[in-house]
Amino acid sequence: MTEINYKLDTFEGPLDLLLSLISKHKIDINDIPISLLCDQYMAYIAEAQSMDMELSSDFIVMASELMLIKSRMLLPRDEEAEEEDPRAALAAALLEYKRAKAAAEDLKERFGEYGLRMVKDTDEITVDKSFVADHSIDLLTKAYNRVLTTVRISDTEAKKKFDPIIETRPVSIKSVVRRLSGRLKLGGKVGLSEYFREADDKHELIAMFMAMLELLKSGLVILECETYREDGVIDVMDDGMISLSEGANADDLSGAVADDS
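Residues numbered from 1 in each chain as written. Predicted model: local features only at pLDDT ≥ 70, side-chain atom pairs only at ≥ 80, totals over all residues. Heavy atoms only, no water.

Turning our eyes to something else, we now look at the overall build of the protein. Secondary structure assignment for the protein yields 9 helices and 3 strands. Written out in order from the N terminus, the α and β elements of the protein read α-α-α-α-α-α-β-α-α-β-α-β. Among the 261 residues that make up the protein, the fraction classed as buried is 23%. For the protein, long-range pairs separated by at least 24 residues make up 61% of all intrachain contacts whose partners lie at least 6 apart in sequence. In the form shown here, the protein has an accessible surface area of approximately 20000 Å², with 55% of it arising from carbon and sulfur atoms. (Helix = DSSP H or I, 4+ residues; strand = E, 2+ residues; numbered from the N terminus. Buried < 20%, exposed > 50% of the residue type's maximum accessible area, 1.4 Å probe, protein only. Contact = heavy atoms within 4.5 Å. Areas by Shrake-Rupley, 256 points an atom, 1.4 Å probe, with all protein chains shown as cover.)

Taking 1.5 Å as the rise per residue, helix α1 (residues 14–25) with 12 residues should run 16 Å; its terminal C-alpha atoms sit 17 Å apart, in good agreement. Residues of α1 that are buried: Pro-14, Asp-16, Leu-17, Leu-18, Leu-19, Leu-21 and Ile-22. For α1, the elements touching its buried residues are α2 (34–50), α3 (57–74) and α4 (88–114). Just downstream of α1 lies Lys-26, where phi reads positive at about 55°. (Expected span 1.5 Å × (residues − 1).)

Here we come to the pattern of salt bridges. Per the stated rule, a full pass over the model turns up 6 salt bridges. For Arg-87, the salt bridge identified is with Asp-31, shortest N-O distance 3.0 Å. You can see Arg-87 sitting in the loop between α3 and α4 and its partner Asp-31 sitting in the loop between α1 and α2, a full 56 residues away along the chain. The class of Arg-87 is buried, set by a relative accessible area of 14%. Two residues, Glu-204 and Arg-179, come together in a salt bridge whose shortest N-O distance is 2.8 Å. Linking Glu-204 in helix α8 (residues 202–218) with Arg-179 in helix α6 (residues 173–187), this pair joins segments that are 25 residues apart in sequence. Accessibility expressed as a relative area gives 4% for Glu-204, which makes it buried. (Salt bridge = Lys/Arg side-chain N within 4 Å of Asp/Glu carboxyl O.)

One open sheet holds the 3 strands; their spatial order is β1-β3-β2, and the pairing between them is antiparallel. The open sheet has two free edges, formed respectively by β1 (189–191) and β2 (221–225), since each of these has just one partner strand. Strand-to-strand twist in this sheet, taken as the mean axis angle between neighbours without regard to direction, amounts to 30°. Pairing geometry for β2 and strand β3 (residues 240–244), over 5 bridges, is antiparallel. Bridging across to β3, Val-221 finds its partner in Leu-244. (Pairing = 2+ DSSP bridges. Axes fitted to C-alpha atoms, helices over the stretch in contact; angles between N-to-C directions.)

Leu-18, Ile-22, Tyr-41, Leu-66, Leu-90 and Leu-94 are the most contacted members of the largest nonpolar core, which totals 22 residues. Residues within four places of Leu-18 in sequence aside, it is in contact with Leu-37, Tyr-41, Met-62, Leu-66, Leu-90 and Leu-94. Counting 19 residues, the second-largest nonpolar core is a separate cluster that includes Ile-173, Val-190, Met-208 and Leu-253. (Core = buried A, V, L, I, M, F, W, Y, C linked by side-chain atoms within 4.5 Å.)

This part takes up the environment of Pro-14. Along the chain, Pro-14 falls in helix α1. Residue classification places Pro-14 among the buried residues on the basis of a relative accessible area of 12%. Between the C-alpha atom of Pro-14 and that of Ala-63, which follows or precedes it by 49 residues, the distance is 8.6 Å.

On to the side chain of Arg-87. Here the side chain of Arg-87 touches Ile-32 through a polar contact of 2.7 Å, landing on its backbone oxygen. Every residue in contact with Arg-87, bar those within four places of it in the chain, is listed here: Asp-31, Ile-32, Ile-34, Ile-69 and Met-73. (Polar contact = N/O pair within 3.5 Å; in protein donor to acceptor, adjacent residues only side chain to side chain.)

On the surface, a cluster of nonpolar side chains totalling about 370 Å² of accessible area is made up of Ile-206, Phe-209, Met-210 and Leu-213. If you trace the backbone, Leu-213 turns up in helix α8. Owing to a relative accessible area of 42%, Leu-213 belongs among the partly exposed residues under this scheme. (Patch = residues over 30% accessible without salt bridge, like charges linked within 9 Å, V, L, I, M, F, W, Y side chains within 5 Å.)

See the structure below:
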């Protein structure tokens, strides 16, 4: 006949056993039914001894303490006198052990995650003063203000250069072409030199030159010279004349340039 073996739970100590019994029976640690707890504890001790399990002396000491608390709870108590609850020391020890056990579980998880990691020691970095000397805050402040002053001066000089360009009256190529088309309607031909002398400033002169190039490229106007010098040299500025190409209409000139020119 096969022998039946029974397995009895092992505990790290008497407090671990008591905490297990409290959890099993859903007992309030602050209001321990000492008689029930003591009976359950002694039953475990008896079963362990029957199975020839070696128990440390701590389990026997705790058994005697439980019997003492049980006997003190059976004695009549003076309701008027403020006597300490015999279970108070045991309850405090169990609460402290419960907190320690919860902390151990948390540390166990952290050990599983970080236990095999290596931490690099902090490097000691010395201050290199080979090229940088110590300066007071006042000197740094003066240097900062000097840089700001230089930047402000640079901004002022830049505005003097760019403001006249930005504030200049824009001249569109479209407007120049419309003016030229009106001249061509009236006179038929316009002298090139006379055409460019009408410019009020450099910006308008550039716009008129760009307009002339666009019109010549489109083929709507032609540039011809009616007089020639004896040496065969042609002076385009003095002798050049602008006129409409054959079949071209002055009203069509505006369409030869883009609207945003």
